[in-house]
Amino acid sequence: MPIARLSDLADKTACPRLVVKVGSSLLVDRQGVRRNWLEGLVAEVAQARQRGQDVIIVSSGAIALGAARLGLAKGGRGSLADAQAAAAVGQIALSGLWADLLGAHGLTAAQLLLTLDDLEDRRRYLNATATLTRLLDAGAVPVINENDSVATQEIRFGDNDRLAARVAQAAQASGVLLLSDVDGLFDRNPAQPGARLLGEVRGVTAEIHAMASGGSSSGMGSGGMTSKLQGAEIAERAGIALAIASGLHDAPIARATQQGIGTLFLARRKDGGRKAWLGGRLRLKGVLVVDAGAARALGNGSSLLAAGITAVEGDFQRGDAVAIRGAEGQVLAHGLSEYGAHDCALLVGRKSADHADILGYAPRSAVVHRDQLVLL
Ligand code: GLU
């Protein structure tokens, strides 16, 4: 039974496993940690556990909290070195806090600090899945953040919205609740008169993207609506429902699930494990640009043949994940390339019958086989 309304996020049958992401501005203010609020949220997590739901927490706030303690300017986001130092100070306090508050309800907290590659690399992704599964089976509540102290610009998620969606995928969760300082997605900038909160979104289309109005409003976190929509895209392709709701109130989970205040992005389809991982990949090693005929064939479920490729970008090896782009620049699919970039470039636009001569070895049946390809 797929999740069809916000109340399903609190339903054990519709949502046996829920990821709750808590934004920085909810956890930390100028005075430090918002402990009373957090106690209320943890009580709601304990209730969810009593209902029989598994809960995974994705907690931001390390940088904001550490910056306050170290007295760093710009909330610790003035430079990468500041953010890394702030996170190191903030994270240790944050973990202790979650462990204490969960412990007061008899729950055991388990900390995981992940970097982008932990979920981009297939082997490491499966490793994270195994750890999360074991922890949940053992009754623990995983508390996850990005490992900001070691993550540099190139290798970081940078926001916990996409991290939460990827974690949900790795943990095979049914739902994600992003608690933020906004009620959800509005049809225009919520500060404008007449702005309307969207209760439900079926598919994150270009029109939906146009409604998002940029970066974090509090300036504490890094996400904003843009990264939330990217998280929603990852989730919807993986068969996971994702909701955005305000955490500015007491008992925010109940407010979203009982009063129905928030935006629910419905799951679109359920790709199998490997395809879901591939579809949610955030960094790809290269690009194969295809013509209109190949784009149509892909849409009909075919493999990608060299004859339909018009350009190859990037430096990738055989087996690496690449994006497949249409002539207008839109990303059509992600796939694992059967050839490295050099051999791909040799084959561009060439018929299969010529491949053996061009390569000097027995060619593969396609450049990207349909079993290793996921349409976006
Ligand atoms: N990982 C960051 C932190 O703990 C937060 C990232 C975000 O704002 O989404 O401070």
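Residues numbered from 1 in each chain as written. Predicted model: local features only at pLDDT ≥ 70, side-chain atom pairs only at ≥ 80, totals over all residues. Heavy atoms only, no water.

*Asks:* Quick one: what's the story with empty space enclosed by the protein, residue by residue and with numbers?
*Replies:* Under the defined criterion, the tally for this structure stands at 1 cavity of 30 Å³ or more. Space inside the largest cavity adds up to approximately 30 Å³. Taken together, Leu305, Ala306, Tyr339, Ser352, His355, Arg364, Ser365, Ala366 and Val367 form the lining of the largest cavity. The class makeup of the residues in the lining of the largest cavity is 5 nonpolar, 3 polar and 1 charged. (1 Å grid on protein atoms, 1.4 Å probe; cavity = no way out; pocket = protein on both sides within 12 Å on 5 of 7 lines; lining within 4 Å. Points joined across faces, edges and corners; volume = space filled by probe spheres on them. Nonpolar A, V, L, I, M, F, W, Y, C, P; charged D, E, K, R; others polar.)

*Asks:* Provide a residue-level description of the pattern of salt bridges, including the pertinent values.
*Replies:* Evaluated as defined, the whole model comprises 17 salt bridges. Here arginine 124 ties to aspartate 118 by a salt bridge, and the two come within 2.9 Å at their closest N and O atoms. We classify arginine 124 as partly exposed; its relative accessible area is 33%. When its relative accessible area of 17% is taken as the criterion, aspartate 118 is described as buried. (Salt bridge = Lys/Arg side-chain N within 4 Å of Asp/Glu carboxyl O. Buried < 20%, exposed > 50% of the residue type's maximum accessible area, 1.4 Å probe, protein only.)

*Asks:* Could you give me a rundown of the sheet that holds strand S5 (residues 109-114), with the residues and numbers involved?
*Replies:* Strand order in the open sheet formed by 8 strands is S5-S6-S4-S1-S7-S9-S10-S8, with mixed pairing between adjacent strands. Two strands bound the open sheet, and with one partner strand each, they are S5 and strand S8 (200-201). Where strand S7 (residues 175-180) lies against strand S9 (residues 241-246), 6 bridges are found, and the strand directions are parallel. Bridge assignment links glycine 175 to a residue of S9, and that residue is alanine 241. Helix H4 (residues 80-103) contacts strand S1 (17-22), strand S4 (54-59), S5 and strand S6 (141-146) of the sheet and is inclined by roughly 150° relative to S5. (Pairing = 2+ DSSP bridges. Helix = DSSP H or I, 4+ residues; strand = E, 2+ residues; numbered from the N terminus. Contact = heavy atoms within 4.5 Å. Axes fitted to C-alpha atoms, helices over the stretch in contact; angles between N-to-C directions.)

*Asks:* Can you lay out the layout of surface pockets for me, pointing to particular residues and giving the numbers?
*Replies:* If you add up the space inside the second largest pocket, you get close to 400 Å³. Lining the second largest pocket are 28 residues; nearest its centre among them are Ala173, Ala238, Gly239, Ile240 and Lys270. Of all elements in the fold, only helix H6 (122-137), helix H7 (160-170) and helix H11 (273-279) reach the threshold of two or more residues within the lining of the second largest pocket. Considered class by class, the residues forming the lining of the second largest pocket number 15 nonpolar, 8 polar and 5 charged.

*Asks:* Explain the side chain of glutamate 233 to me, using residue names and the numbers behind them.
*Replies:* Mapped onto the secondary structure, glutamate 233 falls in helix H9 (residues 224-237). Look at glutamate 233: it is buried, it has no salt bridge, and the nearest opposite charge is arginine 237 at 4.5 Å. Among the polar contacts made by the side chain of glutamate 233, one reaches the side chain of histidine 209 at a distance of 3.1 Å. Not counting chain neighbours up to four residues away, the residues in contact with glutamate 233 comprise Val204 and His209. (Lys, Arg positive; Asp, Glu negative; His and termini not counted. Polar contact = N/O pair within 3.5 Å; in protein donor to acceptor, adjacent residues only side chain to side chain.)

*Asks:* Outline helix H3 (residues 62-70), listing residues and values.
*Replies:* Every buried residue belonging to H3 is among Ala62, Ile63, Ala64, Leu65, Gly66 and Ala67, and all of these are buried. Where H3 is buried, its residues touch helix H1 (24-27), strand S2 (28-29), strand S3 (32-33), H4 and S6. Positive backbone phi, at 70°, marks glycine 71, one or two positions downstream of H3.

*Asks:* Describe the environment of valine 176, and please don't skip the residues or the numbers.
*Replies:* When you line up the elements, valine 176 lands in strand S7. Residue valine 176 is classed as buried on the basis of its relative accessible area of 0%. Not counting the four nearest positions on each side in its chain, valine 176 is found in contact with Leu9, Leu18, Val19, Ala164, Ala168, Ile240, Ala241, Leu242 and Ala243.

By themselves, these are just geometric observations and shouldn't be taken as functional.
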